[in-house]
Amino acid sequence: MKKSVEILGLPIISITEGRELGVSKTLLIDAKNGTVAAITIEDADWYRGVKLIPYESVIAIGDDAVTITNSENILTLDAAGDYEALLDENIRIIDTKAITKSGTIQGKVTELYIGDDGKIEKCEITAPDGTTSDVATDQISIFGKQVTVIDPTGEKKNNVMPSTPAAPKAAPAEPAAPKEEEAPKAPEAPKAPEPAKEEEAPKEEVPKEEAKPEPKKEAPKAAPAPKAEPKKEAPKASEATKQAAADKASEERHRRFLLGKKAARDIKMDNGIVIVEAGQDITEEVLQKAKLANKFIELSMNVQ
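Here the structure is a predicted model, which is why all the values come from computation and not from measurement. (Residues numbered from 1 in each chain as written. Predicted model: local features only at pLDDT ≥ 70, side-chain atom pairs only at ≥ 80, totals over all residues. Heavy atoms only, no water.)

Caption draft 1: How the structure looks around the pattern of salt bridges. Under the criterion given, the structure shown has 11 salt bridges. Between Glu-42 and Lys-25 there is a salt bridge whose closest N-O contact spans 3.6 Å. Within this pair, whereas Glu-42 is found in strand S4 (residues 35–42), its partner Lys-25 is found in strand S3 (residues 19–30), the two being separated by 17 residues in sequence. Residue classification places Glu-42 among the partly exposed positions, given a relative accessible area of 34%. For Lys-25, a relative accessible area of 24% puts it in the partly exposed group. By sharing partners, the salt bridges in this structure join Arg-265, Asp-270, Lys-295 and Glu-298 into a single network. (Salt bridge = Lys/Arg side-chain N within 4 Å of Asp/Glu carboxyl O. Helix = DSSP H or I, 4+ residues; strand = E, 2+ residues; numbered from the N terminus. Buried < 20%, exposed > 50% of the residue type's maximum accessible area, 1.4 Å probe, protein only.)

Caption draft 2: The arrangement of the layout of surface pockets in detail. Estimated volume of the largest pocket: approximately 670 Å³. Considering the residues around the largest pocket, the lining is formed by 21 residues, among which Asn-90, Arg-92, Ile-94, Asp-95 and Gln-304 are closest to the centre. Where the lining of the largest pocket is concerned, the elements lending two or more residues are helix H1 (4–7) and S3. Broken down by element, the lining of the largest pocket gets its largest block of residues, four residues, from S3. Across the lining of the largest pocket, the residue classes break down as seven nonpolar, seven polar and seven charged. What the second largest pocket holds in volume is close to 270 Å³. Looking at the second largest pocket, it is lined by 14 residues, and the ones nearest its centre are Arg-48, Gly-49, Ser-250, His-254 and Ile-297. Looking at the lining of the second largest pocket, the elements that each hand over two or more residues are helix H3 (239–258) and helix H5 (296–300). If one sorts the elements of the lining of the second largest pocket by residue count, H3 sits on top with four residues. Here the lining of the second largest pocket is built from residues that sort into four nonpolar, four polar and six charged. (1 Å grid on protein atoms, 1.4 Å probe; cavity = no way out; pocket = protein on both sides within 12 Å on 5 of 7 lines; lining within 4 Å. Points joined across faces, edges and corners; volume = space filled by probe spheres on them. Nonpolar A, V, L, I, M, F, W, Y, C, P; charged D, E, K, R; others polar.)

So, in structure tokens, the structure goes:
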């Protein structure tokens, strides 16, 4: 079992290529299943956008490094369609309020404990007076974006309700009274034979005259139609147009990924004007300023 702080900041090592591929940056949480779905990383090509490693591709998380098979295990944002919904939700759990179902605030979630299979085993909660306590995942009903809901009874929202006892079987019904014997039916009278139908006289066949086929008149041959000119193929879209469409789609994914997050540090224009300060929320206005100042990629790699 590892704390989240023991996973973040470790180098990512490919054991088949023998090289360092980047550094672990954040944990992508699957709140519905209470697991870590992937680890986002930062590498030398950070300016090209977010990259992540599916947790099932991780071989081991040691004291000094995270090991994977090779660089093909790393997914770019364009290839991470299965994780797009989780990136949009952006549930971190840490720093959320811990509150019971009865409405009592227990404190704030300050740490996660992750099992070898990526399951969140327990959460560390720090009370307002500074004391800490651990709450097992079985006692947590919901991991939310702002609030983690604790159920001390341990009844999770997806538990199966106990089945109700079966109703007692009805007493066997009393045997029915024997039926009275029916009186024998009188024999039916024999039916009178039907009168034989008169045979129809055979109809005389009238010989039909065979119609002689009239000689076919050959229709005048139509003049040959002029050959249609070959259709000119519409010019294919240029590679530049396709690339522009792909760039636009990638930028839209990055925009949705950034909205609602907080800046990790100050982002400034080249002339020193501050676009967004560290800790501030990233809004549409901030994204527009970053795009105009050509600081969009720098902003995307400095969020929390």
